[in-house]
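Here is what each chain is made of, one letter per residue.
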Amino acid sequence: MKNIATKNPWVAPVIVRHSSSGMNKFGGVRDAQFRDEIAGVSIAELVEKYGSPLFVLSEEHLRQSVRRINRAFTTRYAKVRQAWSYKTNYINAVSAILHQEGCDAEVVSEFEYDKARRLGVPASRIFFNGPYKSRGALTKAVSEGARIHVDHLDELALLEEVAAELNILNFPITIRLNFDTGFAENWGRFGFNLENGQAMEAARRIAASPNLKLTGLHNHIGTFITDPRAYTAQVGIMINFMNNVEAATDCTITTLDIGGGFASRNAMQGVYLPPEQITPTAEQYAEAICGALAIGLKDREQNGKPLPELVLETGRAVVDEAEWLISSVVANKRLPTGQRAMVLDAGVNILFTAFWYNHEVRPARPVEGIPEDTVLYGPLCMNIDVVRQSVSLPPLKTGDLLSFWPVGAYNNTQWMQFIQLRPAVVMVRQNGQVDVVRRAETLDDVEEPENLPIDLQPDFS
Amino acid sequence: MKNILLATKRLALSESGFVFDPVSGQSFSVNDTGLVILRLAQHQDDIEQLTEQLLEQFDASSVEIKRDVQDFIHRLQGFLK
Ligand SMILES: Cc1ncc(COP(=O)(O)O)c(C=O)c1O
């Protein structure tokens, strides 16, 4: 006899059609599992303590990641420097860990420059990139001895003026180059073009200036470069130009900065192979780059020139996989098209990379039930607020937690305070302790810079 | 709503949750709850009574059950039309 008191727990009914076409066999596997902890700390407990949504960094993952890249390169080439690309994630705790691991700073604005200086980075270890550096910023950077990467002729002229005003002779500078590697699309809007002679012309101008001297070459081929051969080509072209420019202008190049661009294990939208299959390892990038250096620089020291220092400005590949975003299910919906939808408390306002990545999405507990194709919406009242267009998820209840990964690159810098306040960022330390490294925003934070003229105060009495 | 419950009569249901629709030739998977609902629906074309029957078996509020069943039926409607 069936006992009324022991009713079965209710699990929402699900029906899915078997489809012969278009099923993403990788997507299903990738998203089938759950994740209930980050670096050993329970996700449910983190949210209980620090709220939802919540960004969670892992110190251990971050250190391991930067060390692996460092090891891959230092075991293959004698002079290597990693410069932390601030814009990728400039939360102080992140930058500080990377500086502890020996990284210099790569900045692209006066704001980032000041941020690095305030954290204690000596100017001589700051690589100053970017297409806009004001006269004030250049004056500060030159007088403090920063490593300036010149982007265009107008900047070169300004820099010359600034150095002359400061009575500085032979201030060492780097020029940013752009060229076609035959692999990635050329980011031709930055730096001096190599093929049309602009770069050589810039070098001649520098050679003619008493205040400046050319000591470095820089290039950034683009971001999320999944073919290491692009770097082989890049390094070959840069070495070739180095030889030409040294011969033509009697300078000595001591730095080759190859920018960033290594891919992380994230899934680019429109790419159907899983990231485990298409993302090269640090060692594969290092092999491609250091192999090209070995060939290109074979006779350099015999010819009386120093081996140039290799500078990496890796951003994404250092930090992406060291951070998760936890979000809560706010509502379940069925769209007029029949597709299942969920509304989450985190949208593109804080998960900016949802515009180009298909993050790994996992429930924070094992969930029974058949996974169903689901669209994930954020909390904004905007049509663009889609954090995932299509992901296979089992039935979830409101209040259920989902983790998004990898989210360490470009979210904590490109997020916006729009409609919602930005949530806290916590870091699981190596000893298991959890530190808040950026508290949740408050209304006061947002209104602090504002001024309401007294006569505009509305009167509702 | 009634029509769609009637249409479930033609479905072949298996214990594992495999569902076959001989009219369209399509097949589906349902979870345990889905299977219970389809089984009930094959003998019951009144949604209120179907909800009552589910309430007897499952530990949930009638609001929750009604909402989920309606969602499920809508989905079914799209598949069986
Ligand atoms: C000059 C420069 N260096 C480094 C980076 C970091 O790139 P990534 O995050 O792809 O490694 C960028 C990003 O656009 C860049 O513009």
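What counts and how
- Residues numbered from 1 in each chain as written.
- Chains lettered and ligands numbered in written order.
- Predicted model: local features only at pLDDT ≥ 70, side-chain atom pairs only at ≥ 80, totals over all residues.
- Heavy atoms only, no water.
- 1 Å grid on protein atoms, 1.4 Å probe; cavity = no way out; pocket = protein on both sides within 12 Å on 5 of 7 lines; lining within 4 Å.
- Points joined across faces, edges and corners; volume = space filled by probe spheres on them.
- Helix = DSSP H or I, 4+ residues; strand = E, 2+ residues; numbered from the N terminus.
- Patch = residues over 30% accessible without salt bridge, like charges linked within 9 Å, V, L, I, M, F, W, Y side chains within 5 Å.
- Areas by Shrake-Rupley, 256 points an atom, 1.4 Å probe, with all protein chains shown as cover.
- Salt bridge = Lys/Arg side-chain N within 4 Å of Asp/Glu carboxyl O.
- Near = heavy atom within 4 Å.
- Polar contact = N/O pair within 3.5 Å; in protein donor to acceptor, adjacent residues only side chain to side chain.
- Nonpolar A, V, L, I, M, F, W, Y, C, P; charged D, E, K, R; others polar.
- Buried < 20%, exposed > 50% of the residue type's maximum accessible area, 1.4 Å probe, protein only.
- Contact = heavy atoms within 4.5 Å.
- Buried area = accessible area lost by both parts, 1.4 Å probe.
- Phe/Tyr/Trp six-rings, centres within 6.5 Å; stacked < 30°, edge-to-face > 60°.
- Lys NZ or Arg CZ within 6 Å of the ring centre and 35° of its normal.
- Domains from an automatic or database assignment.

Asker: For this particular structure, what's the right way to read the layout of surface pockets?
Answerer: Remark: the empty space left among the atoms is shown by a probe the size of a water molecule rolled over them. There is about 610 Å³ of room inside the second largest pocket. Lining the second largest pocket are 25 residues, with A:Ala12, A:Asn332, A:Leu396, B:Arg67 and B:Asp68 positioned closest to its centre. Mapped onto the lining of the second largest pocket, the elements with two or more residues apiece are strand S16 (323-334) of chain A together with helix H4 (62-80) of chain B. In terms of residues, the lining of the second largest pocket owes the most to one element, H4(B), which gives six residues.

Asker: Would you explain a nonpolar patch on the surface in this entry?
Answerer: Together, A:Phe355, A:Met382, A:Ile384, A:Phe418 and A:Ile419 line one region of the surface with nonpolar side chains, adding up to about 420 Å² of accessible area. Mapping A:Phe418 onto the fold places it in the loop between helix H13 (411-414) and strand S23 (425-428).

Asker: Looking at this model, I keep getting lost on the site of the ligand. Mind explaining?
Answerer: Residue and element names in this part refer to chain A. Lining the immediate surroundings of the ligand are 16 residues, of which Thr-223, Gly-261, Glu-313, Arg-316 and Tyr-410 lie closest. In this structure, Gly-315 approaches the ligand through a main-chain N or O atom, which is 2.8 Å from an oxygen atom. Protein coverage of the free-state accessible area of the ligand, which is 390 Å², stands at 93%. Residues belonging to the shell around the ligand are distributed by class as follows: two nonpolar, nine polar and five charged.

Asker: I'm lost on the pattern of salt bridges in this one. Help?
Answerer: Pairing between side chains of opposite charge can happen when their charged atoms approach one another. Residue and element names in this part refer to chain A. Counted under the stated rule, the structure contains 33 salt bridges over all chains. Across the salt bridge formed by Arg-125 and Asp-104, the nearest N and O atoms sit 2.6 Å from each other. Remark: Asp-104 occurs in strand S7 (residues 104-107) and Arg-125 occurs in the loop between helix H5 (110-118) and strand S8 (126-128); sequence separation between them is 21 residues. Overall, the relative accessible area of 31% leaves Arg-125 in the partly exposed class. Taking the shortest distance from any N to any O, the salt bridge between Arg-229 and Asp-227 comes out at 2.7 Å. The class of Arg-229 is exposed, set by a relative accessible area of 52%. Classification of Asp-227 as partly exposed rests on a relative accessible area of 23%.

Asker: Explanation requested: the interface of chain B and chain A in the structure shown.
Answerer: In many reports, interface size means the accessible area that the parts give up when they come together. Contacts between the two partners involve 26 residues from chain B and, on the opposite side, 18 residues from chain A. Both faces considered, chain B and chain A share a buried interface measuring about 2,100 Å² in area, 58% of it formed by carbon and sulfur atoms. Its largest share of buried area at the contact with chain A, chain B owes to B:Ser29, B:Asn31 and B:Arg75, together 26% of the area lost on that side. Summed over the shared surface of chain B and chain A, the number is two salt bridges. Linking A:Glu372 and B:Arg75 is a salt bridge whose minimum nitrogen-to-oxygen distance equals 2.7 Å. If you look at where chain B meets chain A, you find 12 residue pairs in polar contact (both at pLDDT 80 or more).

Asker: What should I look at first to understand the packing of aromatic side chains in this one?
Answerer: In this description, an aromatic ring pair is defined by two values, namely the gap between the centres and the angle between the planes. All names here are of chain A. For the structure on display, the rule yields 15 aromatic pairs over all chains. Ring centres of Tyr-231 and Phe-262 lie 5.1 Å apart, and the angle between their planes is 80°; this geometry places the pair in the edge-to-face category. Placement of the pair is Tyr-231 in helix H9 (residues 229-249) and Phe-262 in the loop between strand S13 (255-257) and strand S14 (267-268), with a sequence separation of 31 residues. Each residue in the set Phe-224, Phe-352, Phe-355, Trp-356 and Tyr-357 is aromatic and connected to the rest through ring pairs, giving one cluster. Across from the ring centre of Phe-128, 5.7 Å away, lies the NZ or CZ of Lys-133, which sits over that ring.

Asker: Mind showing me how you'd approach the domain arrangement of chain A here?
Answerer: All names here are of chain A. Along its sequence, chain A is organised into domain 1 (37-57 + 322-442) and domain 2 (59-320). Distance between the C-alpha centres of domain 1 and domain 2: 33 Å. Taken residue by residue, the interface counts 25 residues in domain 1 and 24 residues in domain 2. Summed over both partners, the interface of domain 1 with domain 2 comes to about 2,300 Å²; 53% of that surface belongs to carbon and sulfur atoms. When the buried surface of domain 1 facing domain 2 is broken down by residue, Tyr-357, Tyr-410 and Gln-430 rank first, second and third, together holding 28% of it. Among the salt bridges present, the one from Glu-59 reaches Arg-429, with a minimum N-O distance of 2.7 Å. Taken together, the links from domain 1 to domain 2 amount to 21 residue pairs in polar contact (both at pLDDT 80 or more). Those elements giving two or more residues to the side of domain 1 that touches domain 2 turn out to be S16, strand S18 (357-358), H13, S23 and strand S24 (434-438). Considering every element that reaches the side of domain 1 that touches domain 2, the biggest residue donor is S23, with three residues. Partitioning the side of domain 1 that touches domain 2 into residue classes produces 16 nonpolar, six polar and three charged.

Asker: In this structure, what is going on with empty space enclosed by the protein? I would like to understand it.
Answerer: All names here are of chain A. By the definition in use, this model includes two cavities of 30 Å³ or more. Estimates place the volume of the largest cavity at around 40 Å³. Around the largest cavity, the lining residues are Asn-178, Phe-179, Thr-181, Ala-184, Glu-185, Asn-186, Trp-187, Asn-219, His-220 and Ile-221. The residue makeup of the lining of the largest cavity, split by class, is four nonpolar, five polar and one charged. Looking at the second largest cavity, the residues that line it are Val-66, Gln-82, Ala-83, Trp-84, Leu-98, Cys-103, Leu-312, Thr-314 and Val-318.

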